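Coordinate analysis (summary)
The residues making up each chain are set out below.
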Amino acid sequence: MVLGSYRRISMSRIFEITQQIKSYLPKADVELINRAYVFAAHAHARQRRSSGDLYIMHPLAVAKNLVDLKLDVSSVVTGLLHDTVEDTHVTITDIEQRFGEEIARLVDGVTKVGKIHFRSSEHKKAENFRKMIMATAQDLRVLMVKLADRLHNMETLHFMPERKRQRIAIETMEIYAPLAHRLGIHWVKQRMEDLAFAHIEPEAYQALSEKLADKIDFLQQTQSRLEGILQEVLSRQGIEAQVQGRMKHMYSLHQKMQRKHLDFDEIFDFIAFRVIVDDTPSCYQVLGMIHSLYRPVPGRFKDYIALPKPNGYQSLQTAVIGPDNFRIEVQIRTESMHKYAEDGVASHWLYKSDDPKALKDQQNFQWLKQLTELLQTAENPGEFLENVRLDLFVQEVYVFTRDGDLFALPRGSTTLDFAYAIHTDVGNRCVGMRINGEHADFHYKLCNGDQIEVLTSTEQTPSRKWLNIVQTPRARQSIRHWFREQERETAIQLGEHLLQHAIGVDFIHQGILDFAACDDVEALHEKLGRGDLEVTDLLAFVNKGLSKSSVRSSLAHVFMQASSCCYPIPGDTVVGSFEAGKGFLLHDAQCPMVFKSDAQRWIDVDWNASSDALYKTGIEVFSQNQRGSLGLITSCVSEQAANIADLKIEQRPGALSSLYFLLEVQDRTHLARIFKALKAMPHVAKVRRHIPQQMPQSQASSRLSSMMRSVTSFGQQLGQSIKDKTTRKKP
């Protein structure tokens, strides 16, 4: 096709676009649209797409998709200009000077989203999704333009290389089609899914296409016949209505076959019908007539007029057994409901008003608001993407408060999810529920129509076990956020102790904050307490004349010490506290000193042995009174590479003696080898751990990690231990 022909086609399309927008916005600034077209055509003049078409054909197609959604002039102009900044010499400043600040902001938002590619690792994909939502949260039109752009790219995807086709198709199926669904734009969702299906599973798509082609004449005849029957019945009753039949789209049929393990010949509901009436009472009247005409399928009736979906969708939905046992689905709605069912949020378009304040109305679109809240509270991108996926692919259950307020939650939600849906503080303080007047526990799965009363207490706090109960992203995020805040407070306190008692720094100058990359002292405390900044690194910076190795040695021998009251060794369950003039002392978790003092001063510590260090601990050996037995026992201990620091012998009644050894060992594993060797001796009756205060052996199981392989990572291992401290609090 020659260039002149392309120009005639493109001019014809821009005329079609301007005429279409005038049909729903009679006062639309058509001149602005024409100027944007000329500007974009000039900017893309030397560019062609993979199909060989002039590049301007793509912005025109995007603009056409936007007027099909009945969007405003600014959105259509943005569709025409959306690739100029990314792909040509044009700048955002150029756009602003020629088309104003609003359109420049929209083009900039779409440009930023366009640079995001959901490839490589899950973490990168999640981070990119965060960026996209941040770019669109300020103005929903950015996302609408991006969807229109992606739809046309999918329609021309067959011109791309195979590897790129696969990536873009999967990305569309996982990200953009669900977003279109959540916005209620069903025709865009369905079109995207069918196009993506053709590239992701080409063999399945081809097989299904061939089977449908063989049956298409029969289905079309059936559709026409049933349309006529329904239309005649309604007319006979004096009801003005439009009856529209439509074939289900390809991907929905494929999904049904996969989900229910059906063959193609086992599917009977290929056609769905819409009955569009004038008002809501007529919807229920039509429903009664259809149910009296054809037998309804049990369990398939849904009233989304009385209980709209969270994205605003309203209809009565039912399934009936029609003529010749042909199963059909029927949706009954008003004209305004129908527009919303097809175009979603675009049908109630927020930007028809000339009042700039109208832009603020989009904040009432709850789903996007909740999504941005998830973004703010997610601990990491992977967690965010996991929650977003849960939020994108949901079916709802509808429940009520005691006062009759309606809440829609994902199917499978628990009573605890409901508490967090009311408010985060209500969830955090929840102690129980009454469902329909009866007490229920946190595991109860909500059912449609449940009336729920939440019981709270100011003494209650979240439990980590709740994370295994809740199903909704909001609840899960709220619980995790609460624990992160608790850990933060503990980390700050620990970091402050480290600075004051371990490092000996009283005045924090700006140089220390710059070195630690912290904005203030509190941030420095938190970073030290969490272990994100190593103590030795900070010490080496403060004492610039010291090497890191000397700092490690100083810390190892002075700062952290095992207490002599209970002689813990690496591998024991230990806690620690700062003591003036002594540094950070480690105690066995069962030491009397721990129980006699304030629990808030103790910090759980993960403690592993240094490779060349020995630690003192006490043992008691019950031995028979035989000549030479003491020499054999001490020899056995020596053979196990342990040093004897002290020894005490106590005669017991009968033929036994108690030998109290103060040994120097590497860790609990080393001590276990000594125990095994001693117990194998014929004259040794019993061996046990001995603490000077005669405390019984700790029954606590070791829950210590291998984090602290040297004192260099002491700050890190203390910070890591904060979670254990928080977990021990009573929920």
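Bear in mind that the values here come from a model prediction, so they are computed numbers and not experimental data. (Residues numbered from 1 in each chain as written. Predicted model: local features only at pLDDT ≥ 70, side-chain atom pairs only at ≥ 80, totals over all residues. Heavy atoms only, no water.)

**With respect to the overall build of the protein chain**
- A count of helical and extended segments in the protein chain gives 29 helices and 19 strands.
- Every one of the 731 residues in the protein chain was classed for burial, and the buried ones make up 50%.
- In the protein chain, once contacts between residues fewer than 6 apart in sequence are set aside, the share between residues at least 24 apart is 67%.
- Split by element, the accessible area of the protein chain, about 35,400 Å² in all, is 49% carbon and sulfur. (Helix = DSSP H or I, 4+ residues; strand = E, 2+ residues; numbered from the N terminus. Buried < 20%, exposed > 50% of the residue type's maximum accessible area, 1.4 Å probe, protein only. Contact = heavy atoms within 4.5 Å. Areas by Shrake-Rupley, 256 points an atom, 1.4 Å probe, with all protein chains shown as cover.)

**As for unusual backbone geometry**
- In this structure, H261 takes a positive phi of about 55° despite not being glycine.
- The topology assignment puts H261 in the loop between helix 13 (250-260) and strand 2 (271-277).
- One non-glycine residue, N436, lies in the positive phi region at around 55°.
- By the secondary structure assignment, N436 is in the loop between strand 9 (430-435) and strand 10 (438-440).
- Note on N436: relative accessible area 46%, which makes it partly exposed.

**Quick word on helix 22 (residues 521-530)**
- Regarding helix 22, the residues found buried are L524, H525, E526, L528 and G529.
- Capping the start of helix 22 is the job of one residue whose side-chain oxygen sits 3.3 Å from the backbone nitrogen of E522: D520.
- Just downstream of helix 22, G531 is the residue with a positive phi angle, here 85°. (Polar contact = N/O pair within 3.5 Å; in protein donor to acceptor, adjacent residues only side chain to side chain.)

**Digging into the nonpolar core**
- I21, V77, L81, I95, F99, V275 and I332 are the most contacted members of the largest nonpolar core, which totals 99 residues.
- Counting residues per element, this core draws most heavily on helix 9 (residues 140-155), which supplies 9 residues.
- Contacts of I332, omitting those with residues within four sequence positions, involve V275, C283, V286, L287, I290, I305, S315 and L316.
- Ranked by size, the runner-up nonpolar core spans 41 residues in total, among them F584, I633, F661 and V665. (Core = buried A, V, L, I, M, F, W, Y, C linked by side-chain atoms within 4.5 Å.)

**Some points on the sheet that holds strand 11 (residues 451-456)**
- Within the open sheet, the 5 strands sit side by side as 8-7-11-9-10. Their pairing is mixed. Of all strands in the sheet, those with a lone pairing partner are strand 8 (406-410) and strand 10, marking the two edges. Taken over all neighbouring pairs, the strand axes of this sheet differ in orientation by 40° on average, direction set aside.
- As paired strands, strand 7 (residues 396-401) and strand 8 are joined by 5 bridges and run antiparallel to one another. Bridged to F400 within strand 8 is L406. (Pairing = 2+ DSSP bridges. Axes fitted to C-alpha atoms, helices over the stretch in contact; angles between N-to-C directions.)

**Details of the environment of A196**
- Following the sequence through the fold, A196 ends up in helix 11 (residues 186-200).
- Spatially, the C-alpha atom of A196 lies 7.3 Å from that of M154, the residues being 42 residues apart in sequence.
- When neighbours within four sequence positions are excluded, A196 is seen to be in contact with M154, A169 and M173.

**What to know about the sheet that holds strand 19 (residues 684-689)**
- Reading across the sheet, the 4 strands line up as 17-18-16-19 and stay open at both edges, with antiparallel pairing between neighbours. Among the strands making up the open sheet, the edge pair consists of strand 17 (643-651) and strand 19. Ignoring strand direction, the axes of neighbouring strands in this sheet form an average angle of 20°.
- The strands touched by helix 26 (residues 629-639) are strand 16 (615-624), strand 17, strand 18 (656-665) and strand 19; relative to strand 18, the strand with the most contacts, the crossing angle is about 25°.

**Some points on the pattern of salt bridges**
- Throughout the structure, instances matching the rule amount to 21 salt bridges.
- The partner of K64 in a salt bridge is E16, and the shortest N-O contact between them spans 4.0 Å. With K64 in helix 3 (residues 57-68) and E16 in helix 1 (residues 3-24), the pair connects residues that are 48 residues apart, well separated along the chain.
- The exposure class assigned to K64 is partly exposed, which follows from its relative accessible area of 23%.
- Counted as one network, the salt bridges with shared partners bring together E16, K64 and D68. (Salt bridge = Lys/Arg side-chain N within 4 Å of Asp/Glu carboxyl O.)

**Focus on the pairing of strand 5 (residues 316-321)**
- In terms of burial, strand 5 is largely enclosed, as 6 of its 6 residues are buried.
- Burial along strand 5 is two-sided: the residues L316, T318 and V320 and Q317, A319 and I321 are all buried.
- Examined bridge by bridge, strand 3 (residues 295-296) and strand 5 share 2 bridges and lie antiparallel to one another. Directly across from R295, in strand 5, lies its bridge partner I321.
- Across 2 bridges, the pairing between strand 4 (residues 302-303) and strand 5 is antiparallel. Bridging from a neighbouring strand, K302 pairs with Q317 of strand 5.
- Where strand 5 lies against strand 6 (residues 327-334), 6 bridges are found, and the strand directions are antiparallel. Of the residues in strand 6, the one forming a bridge with V320 is I328.
- Two successive antiparallel strands, strand 5 and strand 6, enclose a turn made up of 5 residues, where D324 displays a positive phi of approximately 60°.

**What about the confidence of the model for the protein chain?**
- Of the residues in the protein chain, 77% have a pLDDT of 70 or more, and the chain-wide mean is 78.
- Across residues 545-554, confidence stays below pLDDT 50; counting only partners more than four residues off in sequence or on other chains, it has 10 contacts.
- Every residue in residues 693-731 scores below 50 in pLDDT, and together they form 98 contacts with partners more than four places removed in sequence or on other chains. (pLDDT = per-residue confidence, 0-100.)

**Remarks on the environment of R98**
- Mapped onto the elements, R98 comes out in helix 6 (residues 92-99).
- With 62 residues separating them along the chain, R98 and A36 place their C-alpha atoms 9.0 Å apart.
- Those residues within four positions of R98 in sequence are excluded, and the remaining contacts are R35 and F39.

**Side note on the packing of aromatic side chains**
- Summed over the entire model, instances satisfying the criterion amount to 8 aromatic pairs.
- Look at F39 and F99: their rings are 5.5 Å apart centre to centre, the planes differ by 80°, and that puts the pair in the edge-to-face class. With F39 in helix 2 (residues 30-43) and F99 in helix 6, the pair connects residues that are 60 residues apart, well separated along the chain. Accessibility classification places F39 together with F99 in one group, the buried group.
- Of the aromatic side chains, those joined through ring pairs into one cluster are F197, Y205 and Y251.
- Here the guanidinium or amino end of R49 rests over the ring plane of Y55, the centre of that ring lying 5.9 Å away. (Phe/Tyr/Trp six-rings, centres within 6.5 Å; stacked < 30°, edge-to-face > 60°. Lys NZ or Arg CZ within 6 Å of the ring centre and 35° of its normal.)

**A short note on the environment of Y398**
- Turning to its location among the elements, Y398 is positioned in strand 7.
- Taking the relative accessible area as the measure of exposure, Y398 reaches 4% and is therefore buried.
- As a C-alpha pair, Y398 and C447 span 49 residues in sequence and 7.3 Å in three-dimensional space.

**Topic: the packing of helix 9 against helix 11**
- Where helix 9 meets helix 11, the closest approach of the two axes is 10 Å, and the angle between their N-to-C directions is 30°. Where helix 9 crosses over helix 11, the handedness of that crossing is left-handed. Every residue of helix 11 that contacts helix 9 at L147, R150, L151, M154 and E155 is listed here: W187, V188, R191, M192, L195 and A196.
- Within the contact of helix 9 with helix 11, the residues separate by chemical class into 8 nonpolar, no polar and 3 charged. (Left-handed = near helix turned anticlockwise from the far one by under 90°. Nonpolar A, V, L, I, M, F, W, Y, C, P; charged D, E, K, R; others polar.)

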